[in-house]
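Observations on the three-dimensional arrangement
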Amino acid sequence: MAAVAVLALLLLLAWGSPRAAGQKRKEMVLSEKVNQLMEWASKRSVIRMNGDKFRRLVKAPPRNYSVIVMFTALQPHRQCVVCKQADEEYQILANSWRYSSAFTNKIFFAMVDFDEGSDVFQMLNMNSAPTFINFPAKGKPKRGDTYELQVRGFAAEQLARWVADRTDVNIRVIRPPNYAGPLMLGLLLAVIGGLVYLRGSNLDFLYNKTGWAFAALCFVLAMTSGQMWNHIRGPPYAHKNPHTGQVNYIHGSSQAQFVAETHIVLLFNGGVTLGMVLLHEAATSDMDVGKRKIMCVVGIGLVVVFFSWLLSVFRSKYHGYPYRYGFA
């Protein structure tokens, strides 16, 4: 019986020793990976990765940390304007986390440029940039781990909400000081003050209805075209298909828009408004009949053309809308 017990003990030790060694080796590998990432993160908030680094530190187990990776194409010959804009917001987010008092090794921010890691793009079957993917601490990325750039835009605040949703890490976005707003306000106040000083004896220009109407019209056109949405969401200016090179200025969904789309809608609304103003002047002015007819024809033409284009944009975003006006 004693011999049987000794034999069982030896078998148990022989079985447990490789498992313990494997576990210890796994912990050592994980510790080395975390230390390496922490060292790089201390020097640069966004860690640049090539194919080897990505496979070793992001794809290969073991891993007890999440990695947010931006797949991009920043080289000038790629001509990816959206990539540069998204990179600026991504850097703001990563810096906000790096210099936060809550900074830990639970999450890291990385970047894979196409010219430095094209093999990674091929491995993931990725054909567009920029793309943000969260590689969780456990398991493979799920559907929600790919950021919906076309819907949410790439503003740092939107990225932070997505990161909090996927990793439970809340990042307070801290933007560097932007003095453009105060400078423009100061310039506007200086201009107004100068006008008041120069024309202190005659302030009739402050009661000019045409000036105030034009200012109000500009404000209304800017707001109805979606400028506030752009300011909040930070969408890309346009989208370039990496395969065909075709540039889309109108977003195909009613849930999102491009900055260029805002400018187009603003132009169309302005054209319709100008046509209505000309029609009003043709009906109420004291000019001779010939000039009023010309203003009427031009006004009708502007309304028909620009309203038709405006409706075509609406049809392209709300698929299945059955009505059209003028031409598609």
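- Taking an unreviewed UniProt entry as the reference, the chain is identified by name as Dolichyl-diphosphooligosaccharide--protein glycosyltransferase subunit MAGT1 belonging to Pterocles burchelli.
- Here is the UniProt Sequence similarities (unreviewed entry) comment for the chain, exactly as written: "Belongs to the OST3/OST6 family."
- Word for word, the UniProt comment on the chain under Pathway (unreviewed entry) is "Protein modification; protein glycosylation."

**Things to note about the sheet that holds strand E1 (residues 46-49)**
- Read across the sheet, four strands follow the order E1-E3-E2-E4 without closing on themselves; strand pairing throughout is mixed. The sheet terminates laterally at E1 and strand E4 (131-135), the two strands that pair on one side only. Strand-to-strand, the axes of this sheet are offset by a mean angle of 30 degrees, without reference to chain direction.
- Taken together, the seven bridges between strand E2 (residues 66-72) and strand E3 (residues 107-113) define a ladder with parallel strand orientation. Its bridge partner lying in E3, Ile68 is registered against Phe109.
- Together, E1, E2, E3 and E4 form the strand contacts of helix H2 (residues 51-59), whose direction differs from that of E1 by roughly 125 degrees.
- Here helix H3 (residues 81-98) sits on the sheet and contacts E1, E2, E3 and E4; the angle it forms with E3, its principal contact strand, is near 160 degrees.

**Quick look at the UniProt feature "transmembrane region" (unreviewed entry) in the chain**
- Under the UniProt annotation, "transmembrane region" (unreviewed entry) lies at residues 179-198, 210-229, 264-282 and 294-314.
- Each end of residues 210-229 is marked by a C-alpha atom, and these two atoms are 29 Å apart; helix forms 90% of the span and strand 0%.
- From the first C-alpha to the last, residues 294-314 spans 30 Å; its make-up is 100% helix and 0% strand.

**What to know about the packing of helix H10 (residues 259-284) against helix H11 (residues 289-317)**
- Across the interface, H10 lies against H11 with an axial gap of 7 Å and an inter-helix angle of 150 degrees. The angle between the axes of H10 and H11 places the two elements in the roughly antiparallel class. Relative to H11, the crossing made by H10 is left-handed.
- Among the residues forming the contact of H10 with H11, the class breakdown is 21 nonpolar, four polar and four charged.

**Observations concerning H3**
- Taking 1.5 Å of rise per residue, the 18 residues of H3 would be expected to cover 26 Å, and the 26 Å separating its terminal C-alpha atoms lies within 8% of that figure.
- Where H3 is buried, its residues touch E1, E2, E3, E4 and helix H6 (156-167).

**Quick look at the pattern of salt bridges**
- Here the structure, examined in full by the defined rule, presents 10 salt bridges.
- Here Asp145 ties to Arg166 by a salt bridge, and the two come within 3.0 Å at their closest N and O atoms. Of this pair, Asp145 sits in the loop between E4 and helix H5 (149-152) while Arg166 is found in helix H6, placing the two residues 21 residues apart along the sequence.
- A residue is classified by how much of its surface remains accessible, and Asp145, at 3% relative accessible area, is buried.
- Take Arg166: its relative accessible area is 30%, and that puts it in the partly exposed class.
- Between Arg175 and Glu157 there is a salt bridge, with the nearest N and O atoms lying 2.9 Å from each other. Of this pair, Arg175 sits in the loop between H6 and helix H7 (180-198) while Glu157 sits in helix H6, placing them 18 residues apart in sequence.

**Quick notes on the nonpolar core**
- Residues Tyr90, Leu93, Phe109, Phe132 and Val163 are the most contacted members of the largest nonpolar core, which totals 29 residues.
- Every element with two or more residues in this core is listed here: E2, H3, E3 and H6.
- Among the elements that take part in this core, H3 stands out by supplying eight residues, more than any other.
- Ignoring any residue separated from it by four or fewer positions in sequence, one finds Val163 in contact with Ile68, Leu93, Ile107, Phe109, Asp168, Val169 and Ile171.
- Formed by 22 residues, the second largest nonpolar core is a distinct cluster that contains Trp40, Leu57, Val112 and Val120.

**With respect to the packing of aromatic side chains**
- Scanning all chains against the criterion turns up 15 aromatic pairs.
- Between the aromatic rings of Phe71 and Phe135, the centroid separation amounts to 6.4 Å while the plane-to-plane angle is 65 degrees, which identifies the pairing as edge-to-face. With Phe71 in strand E2 and Phe135 in strand E4, this residue pair connects regions lying 64 residues apart in the sequence.
- On the basis of an interplanar angle of 20 degrees and a centroid distance of 4.5 Å, the ring pair of Phe314 and Tyr318 is categorised as stacked.
- In this arrangement the basic side chain of Lys53 is found over the ring face of Trp40, its NZ or CZ atom lying 4.6 Å from the centre.
- Taking NZ or CZ as reference, Arg98 lies 5.5 Å from the ring centre of Tyr99, over its face.

**What to know about the state of the cysteines**
- Applying the stated criterion across every chain yields a total of one disulfide.
- One disulfide in the model links Cys80 with Cys83; its S-S distance is 2.1 Å. With the S-S dihedral at roughly 70 degrees, the linkage between Cys80 and Cys83 falls on the right-handed side. Judged on exposure class, the residue Cys80 and its partner Cys83 are both buried.

The rules behind the values
Residues numbered from 1 in each chain as written. Predicted model: local features only at pLDDT ≥ 70, side-chain atom pairs only at ≥ 80, totals over all residues. Heavy atoms only, no water. UniProt positions renumbered as here; feature names shortened; annotations may be inferred. Pairing = 2+ DSSP bridges. Helix = DSSP H or I, 4+ residues; strand = E, 2+ residues; numbered from the N terminus. Axes fitted to C-alpha atoms, helices over the stretch in contact; angles between N-to-C directions. Contact = heavy atoms within 4.5 Å. Parallel < 35°, antiparallel > 145°, perpendicular 65-115°, else oblique. Left-handed = near helix turned anticlockwise from the far one by under 90°. Nonpolar A, V, L, I, M, F, W, Y, C, P; charged D, E, K, R; others polar. Expected span 1.5 Å × (residues − 1). Salt bridge = Lys/Arg side-chain N within 4 Å of Asp/Glu carboxyl O. Buried < 20%, exposed > 50% of the residue type's maximum accessible area, 1.4 Å probe, protein only. Core = buried A, V, L, I, M, F, W, Y, C linked by side-chain atoms within 4.5 Å. Phe/Tyr/Trp six-rings, centres within 6.5 Å; stacked < 30°, edge-to-face > 60°. Lys NZ or Arg CZ within 6 Å of the ring centre and 35° of its normal. Disulfide = S-S within 2.5 Å.

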